[in-house]
Amino acid sequence: MATETESVELVGDESARNIARAVLFAAVTSATAPVDLVHPLVPNVPITLQTLWVFLAGVVLGPLWAGVSFVLYAVGGVIGLPVFAGGSSGLGVLLGPTGGFIVGFPVAASAVGLVAHGTGSLSAPGDIPLPRIVAAMVAGSAVIYAVGAVGFSVVQGIGLLAAVSAVVIPFLPVAAVKIAVAAAVTRSDAIVAR
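So, how was this worked out
- Residues numbered from 1 in each chain as written.
- Predicted model: local features only at pLDDT ≥ 70, side-chain atom pairs only at ≥ 80, totals over all residues.
- Heavy atoms only, no water.
- Patch = residues over 30% accessible without salt bridge, like charges linked within 9 Å, V, L, I, M, F, W, Y side chains within 5 Å.
- Areas by Shrake-Rupley, 256 points an atom, 1.4 Å probe, with all protein chains shown as cover.
- Salt bridge = Lys/Arg side-chain N within 4 Å of Asp/Glu carboxyl O.
- Helix = DSSP H or I, 4+ residues; strand = E, 2+ residues; numbered from the N terminus.
- Buried < 20%, exposed > 50% of the residue type's maximum accessible area, 1.4 Å probe, protein only.
- Axes fitted to C-alpha atoms, helices over the stretch in contact; angles between N-to-C directions.
- Parallel < 35°, antiparallel > 145°, perpendicular 65-115°, else oblique.
- Left-handed = near helix turned anticlockwise from the far one by under 90°.
- Contact = heavy atoms within 4.5 Å.
- 1 Å grid on protein atoms, 1.4 Å probe; cavity = no way out; pocket = protein on both sides within 12 Å on 5 of 7 lines; lining within 4 Å.
- Points joined across faces, edges and corners; volume = space filled by probe spheres on them.
- Nonpolar A, V, L, I, M, F, W, Y, C, P; charged D, E, K, R; others polar.
- Expected span 1.5 Å × (residues − 1).
- Bend = angle between axes of the 7 residues up to and from the residue.
- Core = buried A, V, L, I, M, F, W, Y, C linked by side-chain atoms within 4.5 Å.
- UniProt positions renumbered as here; feature names shortened; annotations may be inferred.

**So, a nonpolar patch on the surface**
So, step 1. A cluster of nonpolar side chains, contributed by Ile19, Val23, Leu64, Val68 and Leu72, occupies part of the molecular surface with about 400 Å² of accessible area.
So, step 2. Mapped onto the nonpolar patch, the elements with two or more residues apiece are helix H1 (13–32) and helix H2 (50–78).
So, step 3. With three residues, H2 is the largest single contributor of residues to the nonpolar patch.
So, step 4. In this fold, Leu72 is placed in helix H2.
So, step 5. Since its relative accessible area comes to 41%, Leu72 is described here as partly exposed.

In structure tokens:
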């Protein structure tokens, strides 16, 4: 007696690809975040590559999946994976002076994706006009710095202007370099959204 079985597709091919890409960006961010540099003007706030990945995720994954990617990243760090700056982890990092930056990553990644792609379908990164790519990354930076500065202000018990002076202004040149690098990557053959 022969039995016929039908396969059941629980997740479509496109969803599976998007989940895999979101996990990949979370993993790459996790792998590079422990590598940090000391800022000569602000030694207690590290320079990391996290925001570079926020920019690239937004452009490659679009608003939804870029945000998901950085929620996965943050959850990984909160549950104890050493994926935050300097290899740190735990809820204490999110509740600490620089935790606001991490909290801002999913929102910023989504903002980059939204500005880069709009509300329609995703475009290949190389097909998005360069001024729009740069505008998307500037918008993402603004979100990260806004949430980060507010968090720093609250945790440190200082005014918002003092927080901006401490953790935003000294990092603007670094942000500009990361935007330039990420924009250049979108123009190279290094990434292709399919």
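**Some details on the packing of helix H5 (residues 130–156) against helix H7 (residues 172–187)**
So, step 1. In the contact formed by H5 and H7, the axes pass within 10 Å of each other and the chain directions differ by 140°. Compared by their axis directions, H5 and H7 come out oblique. Seen along the crossing, H5 lies across H7 with a hand that is right-handed. Residues Leu130, Ile133, Val134, Met137, Val138, Ser141 and Tyr145 of H5 form the contact with H7, whose own contacting residues are Leu172, Ala175, Ile179, Ala182, Ala183, Thr186 and Arg187.

**A look at empty space enclosed by the protein**
So, step 1. Within the structure shown, the criterion is met by one cavity of 30 Å³ or more.
So, step 2. In this structure, the largest cavity encloses a volume near 30 Å³.
So, step 3. Around the largest cavity sit Thr51, Phe55, Ser141, Ile144, Tyr145 and Ala175, which together line it.
So, step 4. At the level of elements, H2 and H5 are the ones that each hand at least two residues to the lining of the largest cavity.
So, step 5. Sort the elements by how many residues they give to the lining of the largest cavity and H5 lands first, with three residues.
So, step 6. Of the residues belonging to the lining of the largest cavity, the class tally is four nonpolar, two polar and no charged.

**Re H2**
For an α-helix, 3.6 residues make a turn, and residues three or four places apart therefore share a direction.
So, step 1. Under the 1.5 Å per step criterion, the end-to-end length of H2 is only 16 Å for 29 residues, more than 12% shorter than the ideal 42 Å.
So, step 2. Approximately 130° is the largest bend angle found in H2, and it occurs at Gly62, with the proline Pro63 only one to four residues beyond.
So, step 3. Among the 29 residues of H2, 21 are classified as buried, and the element is accordingly described as predominantly covered.
So, step 4. Downstream of H2 by a residue or two, Gly80 has a phi angle that is positive, lying close to 115°.

**Quick look at the nonpolar core**
So, step 1. Counting residues in hydrophobic clusters, the biggest one holds 47 residues, and the most contacted among them are Phe70, Tyr73 and Ile102.
So, step 2. Among the elements of the structure, H1, H2, helix H3 (91–94), helix H4 (99–117), H5, helix H6 (160–167) and H7 are those that each provide at least two residues to this core.
So, step 3. The greatest single-element share of this core, amounting to 13 residues, is contributed by H2.
So, step 4. If near-sequence neighbours (up to four positions away) are discounted, Ile102 is found in contact with Tyr73, Ala74, Phe84, Val93 and Leu94.

**Looking at the packing of H4 against H5**
So, step 1. Interaxial distance between H4 and H5 falls to 8 Å at its minimum, and their mutual angle equals 160°. Taken as axis vectors, H4 and H5 run roughly antiparallel relative to one another. Of the two elements, H4 crosses H5, and the hand of that crossing is right-handed.

**Structural notes on the UniProt feature "transmembrane region" (unreviewed entry) in the protein chain**
So, step 1. Annotation from UniProt places "transmembrane region" (unreviewed entry) at residues 72–95, 101–122, 134–154 and 160–185.
So, step 2. Along residues 101–122 one finds 77% helix and 0% strand; the C-alpha atoms at either end are 26 Å apart.
So, step 3. In residues 160–185, the share of helix is 85% and the share of strand is 0%. The end C-alpha atoms are 34 Å apart.

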